[in-house]
Amino acid sequence: MKYLFWDIDGTLLLTGGAGANAMLDVIKEHYFLKDFKFQKSLAGRTDSEIIKEAVLQIKGHFHAADAASLLIRYHMALPKYLNRYQGYVLPHVQKTLDYFSHLDSQFTNCLLTGNTKTAAKLKLSHYQLDQYFDFNRSVFGELSEDRTEMAKIAWQRFYVRDPEISTKDFIFIGDTPNDVLCANAIDAKCLVVLAGSHYKPEDFQEVKPWKILQTLPENPAELQKLFEEA
């Protein structure tokens, strides 16, 4: 069995800015701000990290209640923003997920995403991709601000159930250097797919991903062969 840990934004789909703008507007409304900008790119980061940095930027200090309040508001706002912004599923994603969902249990589609579990479900259900994933074996952004810690959490969960499991059975699929660092943290492989990414192949030289593809293959059997060789 191989477990495929998919990132969402930039890897499976693009929301057209729905997620980022929903969070930005919620922060501005909550703190009665006319102007606010995130200081760093949101790509490859966790929702909990983004919210913590925003609160620190605004207030100079942070409490868990700040994150809880903002996340509730964000989750309530996100469906409206998903309907408002024109996003789309990236090339060959749906057929690939469907293919790996019907291979006699050789593969399991999981998620390792900076999105919270609620946000991940909202985005995936909006684009009709949620049925392809095992949410119980997935890892979401509320578990840690540090994406590399999320990979360790995923590994620990599987190891407790099956001490014979190997990190060779894990393949991460993402679109940012942070996705690669996440896989590197447990000595797993990371496939980078650039179809929805802001990054170029040269941006990954330092983190050294396993493979880089411009887009998922049109024929998912080609990807299966690649994974079986991993």
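Counting starts from 1 at the beginning of each chain's written sequence and moves along it residue by residue. Given that this is a predicted model, residues contribute local features only at a pLDDT of at least 70 and side-chain atom pairs are listed and counted only at 80 or more, while totals for whole chains, interfaces and linings are drawn from all residues. Excluded from the side-chain calculation are hydrogens and water; included are all heavy atoms of the structure.

**Considering the overall build of the protein**
Secondary structure elements follow DSSP: runs of H or I no shorter than four residues count as helices, runs of E no shorter than two count as strands, and numbering proceeds from the N terminus. On a plain count of helices and strands, the protein comes out with eight helices and seven strands. Relative accessible area decides the class of each residue, using a 1.4 Å probe on protein chains only: under 20% of the type maximum gives buried, over 50% gives exposed, and in between gives partly exposed. Burial statistics for the protein: of 230 residues in total, 48% are counted as buried. Areas reported here follow the Shrake-Rupley algorithm with a probe of radius 1.4 Å; residue values treat only the protein chains shown as occluding. As displayed, the protein has an accessible area near 11400 Å², and 48% of this comes from carbon and sulfur atoms. His residues and chain termini do not enter the charge count, which takes Lys and Arg as positive and Asp and Glu as negative. To locate a charge, take atom NZ for lysine, CZ for arginine, CG for aspartate or CD for glutamate. When the 26 positive and 30 negative side-chain charges of the protein are each reduced to one mean point, those points stand 4 Å apart.

**Looking at a positive patch on the surface**
Patches in this entry comprise residues that are over 30% relatively accessible and not in a salt bridge; like charges within 9 Å are linked, as are nonpolar side chains (Val, Leu, Ile, Met, Phe, Trp, Tyr) within 5 Å. One speaks of a salt bridge when a side-chain nitrogen belonging to Lys or Arg is within 4 Å of a carboxyl oxygen belonging to Asp or Glu. A cluster of basic residues, K117, K121, R157 and R161, forms a positive patch on the protein surface. When contributions to the positive patch are tallied by element, the ones reaching two or more residues are α5 (117-126) and α6 (147-161). With respect to the helices, strands and loops of the structure, K121 is situated in helix α5. Judged by relative accessible area, which is 39%, K121 ranks as partly exposed.

**Examining the packing of helix α2 (residues 47-59) against helix α3 (residues 64-84)**
Interhelical geometry of α2 versus α3 gives an angle of 115° and a closest axis separation of 10 Å. The way α2 lies across α3 gives a crossing that is right-handed. For the pair α2 and α3, the contacting residues are D47, I51, V55 and K59 in the first and D66, A67, L70, L71 and Y74 in the second. Charged residues are taken to be Asp, Glu, Lys and Arg, nonpolar residues to be Ala, Val, Leu, Ile, Met, Phe, Trp, Tyr, Cys and Pro, and polar residues to be all remaining types, Gly included. Across the contact of α2 with α3, the residue classes break down as six nonpolar, no polar and three charged. Simply put, an axis is a line fit to the C-alpha atoms, just over the touching stretch for a helix, and the angle between two N-to-C directions goes from 0 to 180 degrees. Helix crossings are classified by the rotation of the near helix relative to the far one: an anticlockwise turn of less than a right angle makes the crossing left-handed, while a clockwise turn makes it right-handed. We call two residues in contact when some of their heavy atoms are within 4.5 Å.

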